[in-house]
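Coordinates in review
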Amino acid sequence: AYPELNFVLIGDSGEHDVDIYLEVAQEYPERILAVYLRSVKHKKRVLRVRGVLKKYETTPAVLVEKSVFAENHARSIGLIS
């Protein structure tokens, strides 16, 4: 509906957000400006997400412990002032 609207995807490391978000970002790299995934307290899932993100290079994608880390990253790449 809005072909010129860009997005920042925000989810968590709990289920399938990383897989879905990175698939969308690969399909629309010019429209997905960043992907932020909040770390949940589940060691196996966090390790899996870190492994997936390590191989991913299309769009900035970050696993964060606290929202302030996502905010600081968004500032560093010019998404917010």
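Described below are features of the structure shown in this document. One numbering rule holds for all chains: residues counted from 1, following each sequence as written. At least 70 in pLDDT is required for a residue's local features to be given in this predicted model, at least 80 for side-chain atom pairs to be given and counted, and no such filter applies to totals for whole chains, interfaces and linings, which use all residues. To obtain the side-chain values, all non-hydrogen atoms of the structure were used and water was disregarded.

**Some remarks on the nonpolar core**
Residues belong to one nonpolar core when they are buried, are Ala, Val, Leu, Ile, Met, Phe, Trp, Tyr or Cys, and are joined through side-chain atoms within 4.5 Å. Relative accessibility thresholds used throughout: buried, under 20% of the residue-type maximum; exposed, over 50%; partly exposed, between the two (1.4 Å probe, protein chains only). Judged by nonpolar contacts, the single largest core of 13 residues is most densely connected at Val18, Leu22, Val35, Leu37, Val49, Leu53 and Leu63. Helix numbers and strand numbers start at the N terminus; a helix is a DSSP run of H or I with at least 4 residues, a strand a run of E with at least 2. Contributing elements (two or more residues each) for this core: helix 1 (17-27), strand 2 (32-38) and helix 2 (43-55). Counting residues per element, this core draws most heavily on helix 1, which supplies 4 residues. When residues no more than four places from it in sequence are discounted, the contact partners of Leu63 are Ser13, Leu37, Arg38, Ser39, Val46, Val49, Arg50 and Leu53. The next biggest cluster of nonpolar side chains, apart from the first, holds 6 residues, and it includes Tyr36, Val64, Ala70 and Ala74. Contact criterion: two residues are considered in contact whenever any of their non-hydrogen atoms come within 4.5 Å of each other.

**Section: the side chain of Ser39**
If you trace the backbone, Ser39 turns up in the loop between strand 2 and helix 2. Since its relative accessible area comes to 13%, Ser39 is described here as buried. Dropping the residues within four chain positions of it, Ser39 is found in contact with Ser13, Val46, Leu63, Val64 and Glu65.

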